[in-house]
Amino acid sequence: MAKAKAGFYWASSCGGCDIAVLEIGATILEVLQHVDIVFWPCITDFKYADVEAMADGEMDVCLFNGAIRNEENLHVARLLRRKSKIMVAYGACAHTGGIPSLANFYTREALLARVYDETPSTVNPEKTRPQTSTAVAEGTLTLPAMFERVYKLDDVIKVDYYVPGCPAVPETTAALFGALIAGKLPPAGATLRGEKTVCDECRRTRKEKKLTRFYRPQELVPTKDECLLDQGLICTGPATAAGCGAQCLTANQGCRGCYGAPAGVEDQGLKMVAVLGSLVAAENVAAAKAIMDQVVDPAGTFYRFAAAASTLGGGVTR
Amino acid sequence: MRIGAFICKCGPNVSEKIDLDEVKRVIEKQPDMASVVIENFPCSPAGKTLLKQTIKDQNLTHCVFAACSHREHEKTFARLLDEAGRNPYMMEMANIREHVAWMVSDRQQATERAIFQIKAAIAKVRHNQPLDHKEIEVSTAVAIIGGGIAGIKAAKLAARDGRKVYLIDRDPSVGGKMPCWEKSYPTMDCNPCFLAPEIGDLKDIANIEVITNADIDEIVGFFGSFTVRLTQKPRYVNDGCMTCGECGKVCPVKVEDPFQFGLVERSAIHVPFPGCLPAMASIDHAACLRYKGGDCDKCAAACMFGAIDYNQADRKRELAVGALVLATGFEVPAVQKLARFGGGKIANVYSAAQVERMLSSTGPTHARLQLADGSTPRSVAILGCAGRDGHCSRVCCAISLKYARYVAEHYPEMAVTFVHHDLCLAGEGLQRFHDDIVKAGKTAFRKMADYRTTRVVTDGDQPAIVYPDAAGKEQRVAADMVVLAMGMQPAAGSAELCAMLSVDRNPEGFVAKNHAKMDPNTSGIAGIYIAGCAGGPKDVQESVMNAEGAAGQAASALRPGEKVRLEVAIAYADENACSGCRACLAVCPYKAITADAEKQVAVVSEVLCKGCGTCVAACPSGAMHNHHFEYAALRDSLTALLGRS
Amino acid sequence: MSFEPTIVAFICNWCSYGGADKAGAAKLECPANVRLLRVMCSGRVDPQLLVRALQQGADGVMVLGCHPGDCHYKKGNYSTLRRDQLLQRMLEQFGVEPGRISLDWVSAAEGEKFARVTNEMVERIRQLGPFRRDNPELTRLRATVP
């Protein structure tokens with residue numbers, strides 16, 4: 001039987017997901033007996049031209065990590081979609097926008113102004129900004145245009161499977177390869193995650209919740225066996241799909257929500273608003289406001305990995 | 001799916017304001033519409049007959065009534081569906097009368113709005129599922145919380161027709177405050193003598209169960225079906241006890257005796273008061289050396305009946321009752337709390353409650369007024385309104401007069417002065433009581449203009465009341481003994497109990513009445529009644545009247561065989577999606593949600609849930625659902641309302 | 001022609017629904033563009049529905065419940081009140097103007113208040129202008145899929 005052809009790509013992301021593929025350890029050797037890697041710029045020297053040279057649908061699977069931030073990301077996403085039978089949004093950025101989509105709470109202009117003009121360490125008297133094309137003596141240099149917002153992969157191309165996580169956990173990656181090799185893939189459109197939420201995988205004991213204040217992480221060393229929300233630390237576990245094994249909780253850190261919303265939830269952040277709002281011990285506006293104001297950055301906290309997947313797409317057009 | 005829409009003209013009410021033909025044209029084009037009918041009065045007998053026939057003839061599975069307010073005819077149309085052999089939940093209403101025709105004057109705009117409202121109703125009805133009605137029989141049992149005179153009288157009346165009554169008290173004995181007050185006014189006869197047979201009866205009424213030494217842990221439920229969970233604390237004495245009191249004599253511990261309001265101390269093992277029920281001694285767990293790590297067993301050695309049992313443990317009880325009577329009584333602040341009046345600081349300043357004990361035959365001085373040095377006072381000054389914190393307690397004036405009368409009778413040489421603010425003498429026979437004392441001429445009445453600035457100071461070796469008179473001039477009354485008339489405050493723990501039951505309290509902190517005049521025995525929550533001072537200061541007579549009123553309310557409401565219809569459009573948890581985060585438990589106003597310990601999922605009680613859906617909105621996992629108001633139903637309804645479907 | 005906003009009002013079955021009935025019964029003129037959606041309790045109004053309403057075409061969304069302390073379900077509206085505090089701050093981060101989603105209390109007796117708050121809402125949203133839900137960039141990206 002011919003080996004399957006696989007491609008990997010890193011768009012707008014930190015690159016951790018490319019490394020996360022290798023976290024499956026020695027299993028990679030087994031995978032390689034059945035799979036040929038035909039494109040993986042992070043690991044070895046492939047060029048876009050190599051992909052362009054392929055016939056449409058020549059690749060069996062593409063694991064695409066990273067969000068869509070600019071024209072290059074978009075171009076490659078479309079290219080790989082054309083060349084690949086199965087497209088996998090691999091990791092939180094491709095799945096739900098990830099950390100890069102936190103930028104969606106700002107306009108592109110505000111972001112550029114911050115980076116190129118306003119930060120205290122910036123010296124830029126000529127007000128230089130990146131240009132899509134710049135004429136120099138040797139010719140014209142080009143840069144891909146940056147979009148107004150960051151998009152998740154399925155905003156711009158059709159995605160067959162989603163692997164959540166920042167980064168994806170090795171068990172899920174291995175399971176995906178296993179299913180691919182065995183030809184036993186789940187129904188198209190599936191997200192490879194647990195059925196319930198992170199709370200299902202978290203072993204801490206829980207009380208009937210009544211929240212009287214919120215602590216920031218630096219303000220409290222939580223106990224290791226009680227629910228963090230019960231202790232007043234924000235944990236997005238209740239509104240986050242399971243599948244990670246509650247790793248952050250094991251490290252005494254609240255869930256940060258990288259798996260995105262569970263199956264029955266449309267909007268992770270709004271559900272966090274719903275649940276925290278419901279649990280705070282206040283019965284008038286002033287008392288509620290006093291406690292709620294302790295949530296310093298609600299949007300950033302509740303959509304840390306999923307702003308691009310929010311109902312409003314992570315920002316109203318300004 | 002075959003949906004029928006019935007559009008009501010309501011005579012000219014709707015038809016003149018909305019172009020119903022246009023509405024019909026648009027609605028007919030909606031998918032799955034089997035029938036759209038415009039009818040003049042669907043709620044009339046002829047209209048109902050026609051609608052029922054249409055439902056049957058057209059074999060409709062879902063119906064939408066575009067008509068008036070839900071409040072007006074939702075039940076009418078639900079019944080109509082039932083009569084047509086359909087489940088009454090397979091319908092929705094669109095209120096196009098009050099909410100459209102009557103509030104939008106522009107005909108075209110009203111027509112458009114009506115169409116959106118009807119489309120939203122159609123989108124929602126697609127999600128409706130048949131639901132079956134459920135009924136439960138009421139429990140006829142009554143739990144009475146607080147075993148003072150109000151609780152006792154309520155228990156006896158409620159038990160008269162044989163129903164089960166639980167009389168619950170947190171103290172080791174029932175009886176409440178009444179045994180402390182030996183003399184009653186205006187008759188000057190003996191309170192404990194009235195009380196003893198009332199307490200004695202409790203033993204003989206088989207269907208009253210007295211549960212003492214009990215803390216209420218939780219009460220959930222509603223009229224007809226409350227569950228009371230309580231912990232009966234051990235008294236470490238079994239029913240071999242004969243209340244001989246030998247145990248107390250050998251007990252090495254001395255603690256303040258609440259029954260004597262701090263005048264004297266008692267032992268850790270003690271008999272609460274003569275005539276207590278159960279007639280048993282009790283060990284004060286907080287005071288006993290054994291429960292502080294010691295191994296004292298003096299009382300066990302002294303008991304000739306072998307009645308001491310140090311190994312008794314907490315006993316958890318769960319009672320199913322149909323109604324609750326709150327008879328939690330009142331509290332008198334400790335004299336030390338009255339700092340402005342020298343309480344606990346200036347010698348020979350006593351609270352009225354302490355003086356009450358001095359005058360009692362079972363009190364520490366055996367019915368004798370006595371100063372700190374053991375001598376008899378030559379003069380007494382009584383200060384009214386000393387404990388007053390806003391509200392008038394209505395009994396203190398009469399109690400003060402009672403002391404004046406008592407002193408005049410028993411100590412003819414003793415000078416008595418009553419420094420009072422207003423005189424509150426509204427009870428039966430009290431005006432005559434007062435007039436007789438005035439006529440006897442042995443008591444000096446002095447009126448203070450403002451009780452809030454009155455204070456007690458030391459004057460030589462006497463305490464003295466300093467008060468402003470009507471002219472604003474400071475006056476002074478010194479006496480060997482000063483007696484502070486102290487008001488009644490809500491009993492400790494009653495606020496927490498009210499919070500647990502979601503029963504409102506009035507500004508003074510007592511249980512609020514459902515209606516001050518028309519429903520004074522009932523709280524704002526169905527099935528929870530108020531007896532005695534739980535609802536505010538009362539004397540014994542008023543407490544008994546109020547208690548019997550509450551018991552009568554409870555008994556007449558809980559008829560055997562009476563059924564309560566349960567809400568069926570309630571919440572339910574999908575155990576395949578619930579991770580047991582427990583957010584919903586705290587959100588539920590009815591404590592209807594529990595966590596299944598084994599499966600770690602939420603479970604909604606079909607009996608307790610009222611279907612508000614707050615838990616559904618709160619559920620962060622999308623695991624909580626609401627029959628009849630599912631997220632998908634509201635979502636699709638919203639989409640249709642916005643014209644996006 | 002001036003902008004006519006579309007507004008959705010979630011009304012609770014026990015108080016604000018009755019308030020709307022009262023407004024109608026008193027023939028108080030209320031804006032046609034406020035469309036009503038009945039829920040049993042304002043506590044049932046999932047924030048997902050509120051934002052979804054904006055995203056699906058509403059320019060403003062109202063939640064009308066029983067006055068605090070008067071909730072038919074005792075405490076449902078307290079949840080609504082608290083969620084609103086957090087939701088408003090989060091919406092601000094999204095660039096949604098304050099007032100697009102508003103929470104108010106209308107009792108079953110307050111027909112006049114119902115008429116007043118709905119009319120005021122329409123006026124406020126008229127001033128704010130249409131909700132900018134469309135993202136032309138995304139529309140363009142999607143339209144140019146090869």
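What counts, and at which threshold
Residues numbered from 1 in each chain as written. Chains lettered and ligands numbered in written order. Predicted model: local features only at pLDDT ≥ 70, side-chain atom pairs only at ≥ 80, totals over all residues. Heavy atoms only, no water. Contact = heavy atoms within 4.5 Å. Buried area = accessible area lost by both parts, 1.4 Å probe. Salt bridge = Lys/Arg side-chain N within 4 Å of Asp/Glu carboxyl O. Polar contact = N/O pair within 3.5 Å; in protein donor to acceptor, adjacent residues only side chain to side chain. Helix = DSSP H or I, 4+ residues; strand = E, 2+ residues; numbered from the N terminus. Nonpolar A, V, L, I, M, F, W, Y, C, P; charged D, E, K, R; others polar. 1 Å grid on protein atoms, 1.4 Å probe; cavity = no way out; pocket = protein on both sides within 12 Å on 5 of 7 lines; lining within 4 Å. Points joined across faces, edges and corners; volume = space filled by probe spheres on them. Phe/Tyr/Trp six-rings, centres within 6.5 Å; stacked < 30°, edge-to-face > 60°. Buried < 20%, exposed > 50% of the residue type's maximum accessible area, 1.4 Å probe, protein only. Lys NZ or Arg CZ within 6 Å of the ring centre and 35° of its normal.

1. Re the interface of chain C and chain A
Move 1: If you look at the interface, chain C gives 35 residues, while chain A gives 46 residues.
Move 2: Summed over both sides, the interface of chain C with chain A buries roughly 3700 Å², with 61% coming from carbon and sulfur.
Move 3: A per-residue breakdown of the area chain C buries against chain A is headed by C:R82, C:L86 and C:F94, which together make up 20% of the total.
Move 4: Along the contact surface separating chain C from chain A lie 5 salt bridges.
Move 5: Ionic pairing is found between A:E266 and C:R52, a salt bridge with its closest N-O pair at 3.1 Å.
Move 6: Connecting chain C to chain A are 21 residue pairs in polar contact (both at pLDDT 80 or more).
Move 7: Listing elements by their share of the side of chain C that touches chain A, those giving two or more residues are helix 2 (47-55), helix 3 (76-94) and helix 5 (136-143) of chain C.
Move 8: Considering each element in turn, the side of chain C that touches chain A owes the most residues, 13 residues, to helix 3 of chain C.
Move 9: When its residues are assigned to classes, the side of chain C that touches chain A shows 16 nonpolar, 8 polar and 11 charged.

2. Some details on empty space enclosed by the protein
Move 1: Under the definition given, this model contains 11 cavities of 30 Å³ or more.
Move 2: Of the voids in this model, the largest cavity is the one considered here, and its volume is about 230 Å³.
Move 3: Where the lining of the largest cavity is concerned, the elements lending two or more residues are strand 4 (91-95) and helix 6 (107-125) of chain B together with strand 2 (34-39) of chain C.
Move 4: Tallied by class, the residues present in the lining of the largest cavity amount to 9 nonpolar, 5 polar and 3 charged.

3. Comments concerning the packing of aromatic side chains
Move 1: For the structure on display, the rule yields 17 aromatic pairs over all chains.
Move 2: Consider the rings of A:F8 and A:W40, whose centres lie 4.1 Å apart with planes at 25 degrees: the pair is stacked. One end of the pair, A:F8, is in strand 1 (residues 4-10); the other, A:W40, is in the loop between strand 2 (35-39) and helix 3 (48-52), with 32 residues separating them in the sequence.
Move 3: Considering the side-chain rings of B:F418 and B:F445, the 6.0 Å spacing of their centres and the 65 degrees angle between planes classify their relative orientation as edge-to-face. Of this pair, B:F418 sits in strand 20 (residues 415-420) while B:F445 sits in strand 21 (residues 443-447), placing them 27 residues apart in sequence.
Move 4: Look at B:F418 and you get buried, because its relative accessible area is 1%.
Move 5: Here the aromatic cluster, defined as three or more aromatic residues joined through ring pairs, consists of A:Y9, A:F39, A:F46, A:Y48 and A:F64.
Move 6: In this structure, B:K610 is placed above the aromatic ring of B:Y590, and the distance from its NZ or CZ to the ring centre is 5.8 Å.
Move 7: The lysine or arginine in question, C:R35, covers the ring of B:F116, its NZ or CZ lying 3.5 Å from the ring centre.

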